[in-house]
Every structure is written in structure tokens, then in C-alpha cells.
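Descriptive analysis of the structure
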Amino acid sequence: MKRIISVIMLIMLLSAIHVSAADSVSFSLDSIECRNNRLIEVNFNAECGKKLSAATFEFSFDKSILEFRGIGTSSGTVVEYNEKSNSVKLSCLCKDGTDISSKSAIFTLKFKSINEGSTDISYTVFDCVDSDVQQMMIGSCSSGRVTVTAKASDSVGTVEKSDSTSKKNAKNTSGTSKSSKTSKSVSSSETDSTTLSHNNSPSTFDSVIQRDYDKVTPIIVLCASAVICIAFIGFILFKISVLRKSQNKTDDK
């Protein structure tokens, strides 16, 4: 009887772990190497079996090496950001949810390299909501690194993108020259004019998260109650078995 109870509890535990792993969302930031006085774009990636609908992030980096220039997004995704003295806080929202089943870039961070050196771009993830307005568990979060080398000799700014974007463009576009996979040249003034200027306060999703917690809490309580009931029933059955064995021994005497 004890073995049966142990097997049941083990199956329940493994099922809970499997569901948590499948629903968790992992984030990663690409690393890039560039020359000084360059405009660069760094991909911010996400991966999960569910669609990502909303999230809030805060990015930190060495501002003596990089100068923040804005955010690049795909169609259907809205990003609002607020640049602080030591970080950039932003909120990302996609009404129908972004498909991130195969590690997709949900937006790009735009910088200008202003000094030689290396800096890690670290970040914190606050709230993640899927397309069903359900809280998403946060998995791994990998930071990125930007390495700035010697100053560029030309006067025209160059946008250097993360390698992952170049590889995806190479797969989706046939007959494109090799040089177009990694970078494209534009004037600094043109790039500056296309930089997003959303400097509003980052949106909070308190109402969404609160509604999500209201849905999740009864489920957690129900699961906990079920586990306690199973353990209690198992204990009662075990005691009954022991009493029966003791009674059989008494009858034999």
C-alpha cells in the first residue's frame, strides 16, 4: 500500500514539473562585436510553447560605452520605454500574442557605441502574460555582451546587427549578397530620425496580473487539498493494514 501511494505522489509531482517546464518562458540577449562610433541593433529573444502577449523588462549596461537610441519592433507589437539614469525600463504588448515557439526576437535594442571596451547588458523580467491572459513562469534569462573595438575611420554611421538576425534573413531571402547578411550602411542622421521616441512611463499590467492570480489561487489550493487527502487516506489504509495483521497474530495464538 505504501508503494502504491508513493507511486501516485511521484506521478503527480512529475506531471507538475512537466507542465511548469512547458509553460515557462526563457529569454536571451544576443552578443555583438562592433567598432566605435557605430549604430548597433541587439536582438532580445524569447522562447516558449505559448504565445507571449505582455511583459515588463528593465535593462542595465555601461553608459560610458553605449548610448541608448531606441527600440525596434515587428508589426503588431507595441513597446513603451522610459530611460532612467542607470537603466532602461520598458513594457512590451502584443494583442494577439507573439509566437515564440522557435526562439524569436520580440524586439531589438538600438545603441550607439561611444567608447572602446566591453559591457554586459543585463536585465530583469517582471511580468509575463500569455495570449490567454495567464501568468507565464519565467525560465532562464541569459544576458548579452557588446564589445567595442577601435574607432571607425569613416564618417558615415553603420548599423551592425546581431548575428541571429542576419542568419534568419539569409534563410528567408534567396540571391542576397553575403555582405547584406551582417550589416547595412546608413547615415547617422537617417538612423536617428527613424529611432522610436516613446518616452512614456512603462505600462503596468496590474489588472491583468491580479485577474490571473485570482484564477490561479483556487487551482493551487485545490491541488494542495488533493495531495493532503491522498496522503491522509494512505495513512488510514496503512493503519488499518497494521491493525489487521496484529489481530490475525492474536487470533493465531
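That block above? That's the structure.
Computed from a predicted structure; not experimentally measured.

A closer look at the overall build of the protein chain
For the protein chain, the count of helices and strands is 4 helices and 13 strands. Here the protein chain holds 253 residues, and 33% of them are scored as buried. Contacts spanning at least 24 positions in sequence make up 80% of the contacts within the protein chain whose residues lie at least 6 apart. Surface summary for the protein chain: the accessible area is close to 15,000 Å², and the carbon and sulfur share equals 55%.

Some points on the pairing of strand 3 (residues 39-47)
The buried fraction of strand 3 amounts to 8 of the 9 residues, a majority that puts the element mostly inside the structure. As judged from the 4 bridges shared by strand 1 (residues 25-29) and strand 3, these two strands associate in the antiparallel manner. Within strand 3, the position partnered with Leu 29 by the bridge is Phe 44. Across 8 bridges, strand 3 lies against strand 8 (residues 104-113) in antiparallel orientation. Of the residues in strand 8, the one forming a bridge with Phe 44 is Phe 107.

What to know about the pattern of salt bridges
It is possible for side chains bearing opposite charge to pair when their charged atoms get close. If you walk through the whole model with that rule in mind, you get 4 salt bridges. The partner of Lys 50 in a salt bridge is Asp 130, with the nearest N and O atoms 3.6 Å apart. Residue Lys 50 is found in the loop between strand 3 and strand 4 (52-60), and its partner Asp 130 is found in strand 9 (residues 117-130); the two are separated by 80 residues along the sequence. Taking the relative accessible area as the measure of exposure, Lys 50 reaches 29% and is therefore partly exposed. Of the charged contacts, one joins Asp 120 and Arg 145 as a salt bridge, the two residues approaching to 3.0 Å between their closest N and O atoms. Of this pair, Asp 120 sits in strand 9 while Arg 145 is found in strand 11 (residues 144-151), placing the two residues 25 residues apart along the sequence. Classification of Arg 145 by relative accessible area gives partly exposed; the value is 37%.

Rules of the game
Residues numbered from 1 in each chain as written. Predicted model: local features only at pLDDT ≥ 70, side-chain atom pairs only at ≥ 80, totals over all residues. Heavy atoms only, no water. Helix = DSSP H or I, 4+ residues; strand = E, 2+ residues; numbered from the N terminus. Buried < 20%, exposed > 50% of the residue type's maximum accessible area, 1.4 Å probe, protein only. Contact = heavy atoms within 4.5 Å. Areas by Shrake-Rupley, 256 points an atom, 1.4 Å probe, with all protein chains shown as cover. Pairing = 2+ DSSP bridges. Salt bridge = Lys/Arg side-chain N within 4 Å of Asp/Glu carboxyl O.

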